[in-house]
Amino acid sequence: MDKVLAAVLLMALVTYLPRVLPLAIFKNKIRSRFLTAFLSYVPYAVLGAMIFPDILTSTGHLASAAAGLVIASVMAYFERGLLQVAVCAIIAVYVCELILVRMV
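Residues numbered from 1 in each chain as written. Predicted model: local features only at pLDDT ≥ 70, side-chain atom pairs only at ≥ 80, totals over all residues. Heavy atoms only, no water.

Caption draft 1: Local environment of the overall build of the chain. When helices and strands are counted, the chain shows 4 helices and 0 strands. Taken over the C-alpha trace, the chain has a radius of gyration of 21 Å; the compact-globule value for 104 residues is 13 Å, which it surpasses by more than 25%. Oriented by its inertia axes, the alpha-carbon framework of the chain measures out at about 55 × 50 × 20 Å. Split into buried and exposed, the 104 residues of the chain put 12% on the buried side. Considering only contacts within the chain whose residues lie at least 6 apart along the sequence, 44% involve residues at least 24 apart. Carbon and sulfur atoms provide 74% of the accessible area of the chain, an area that totals close to 9,100 Å². Here the chain carries 8 positive and 4 negative side-chain charges, and the mean point of each set is 16 Å from the other. (Helix = DSSP H or I, 4+ residues; strand = E, 2+ residues; numbered from the N terminus. Rg over C-alpha atoms; globule rule 2.2 N^0.38 Å. Buried < 20%, exposed > 50% of the residue type's maximum accessible area, 1.4 Å probe, protein only. Contact = heavy atoms within 4.5 Å. Areas by Shrake-Rupley, 256 points an atom, 1.4 Å probe, with all protein chains shown as cover. Lys, Arg positive; Asp, Glu negative; His and termini not counted. Charge placed at Lys NZ, Arg CZ, Asp CG, Glu CD.)

Below is the structure:
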């Protein structure tokens, strides 16, 4: 029981420190335009790094996953809404899967 409690406390400390340290270190507002611009892109980069590998392995074939990725990327580039991008990417993957399954 003591080991479990120690493990829980250690995990709490490890997850709490990265959230508190930036507040303690950066007490004043960040005035550097470069650093502010850089930090504004960090959430998008992290989200992309977490999602991208799953996109390519989420379907039965790499080709259908790539087709959905291309359709979603093009529509996002032209600033379509999130729902429209997702639905069109799903339709593209579905159609590609139908074509690929019939070929095999």
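Next comes the rest of the write-up.
Caption draft 2: Structural context of the packing of aromatic side chains. Within the structure shown, the criterion is met by 1 aromatic pair. Aromatic pair Tyr77 and Phe78: ring centres 5.3 Å apart, planes at 80°, arrangement edge-to-face. Both residues of the pair, Tyr77 and Phe78, belong to the exposed class. (Phe/Tyr/Trp six-rings, centres within 6.5 Å; stacked < 30°, edge-to-face > 60°.)

Caption draft 3: Examining the confidence of the model for the chain more closely. Of the residues in the chain, 99% have a pLDDT of 70 or more, and the chain-wide mean is 88. Considering each helix and strand of the chain separately, the mean pLDDT is smallest for helix H2 (residues 33–57), with a value of 85, and largest for helix H3 (residues 62–77), with 93. (pLDDT = per-residue confidence, 0-100.)

Caption draft 4: The side chain of Glu97, seen in detail. With respect to the helices and strands, the residue Glu97 is situated in helix H4 (residues 82–103). This buried residue, Glu97, is left without a salt bridge; Arg102 holds the nearest opposite charge, at 11 Å. Residue contacts for Glu97: discarding those within four places in its chain leaves Thr59, Gly60, His61 and Ser64. (Salt bridge = Lys/Arg side-chain N within 4 Å of Asp/Glu carboxyl O.)

Caption draft 5: Seen up close, a nonpolar patch on the surface. Residues Phe34, Leu35, Phe38, Leu39, Val42, Val46, Leu47, Met50 and Ile51 make up a contiguous nonpolar surface patch of roughly 830 Å² in combined accessible area. Its place among the elements puts Leu39 in helix H2. (Patch = residues over 30% accessible without salt bridge, like charges linked within 9 Å, V, L, I, M, F, W, Y side chains within 5 Å.)

Caption draft 6: Representation of H3. Across its 16 residues, H3 extends 22 Å between first and last C-alpha, which sits within 8% of the 22 Å expected from 1.5 Å per residue. Residues of H3 that are buried: Ser64, Ala65, Ala67, Gly68, Ala72 and Met75. Looking straight down H3, one finds its buried side chains confined to an arc of 160°; they lie on one side. Set apart from the buried face of H3 by more than 90 degrees, the exposed residues are Leu62, Val70 and Tyr77. Here the buried face of H3 lies against H2 and H4. Phi turns positive, to about 60°, at Glu79, one or two residues after H3. (Expected span 1.5 Å × (residues − 1). Arc of directions from axis to C-beta.)

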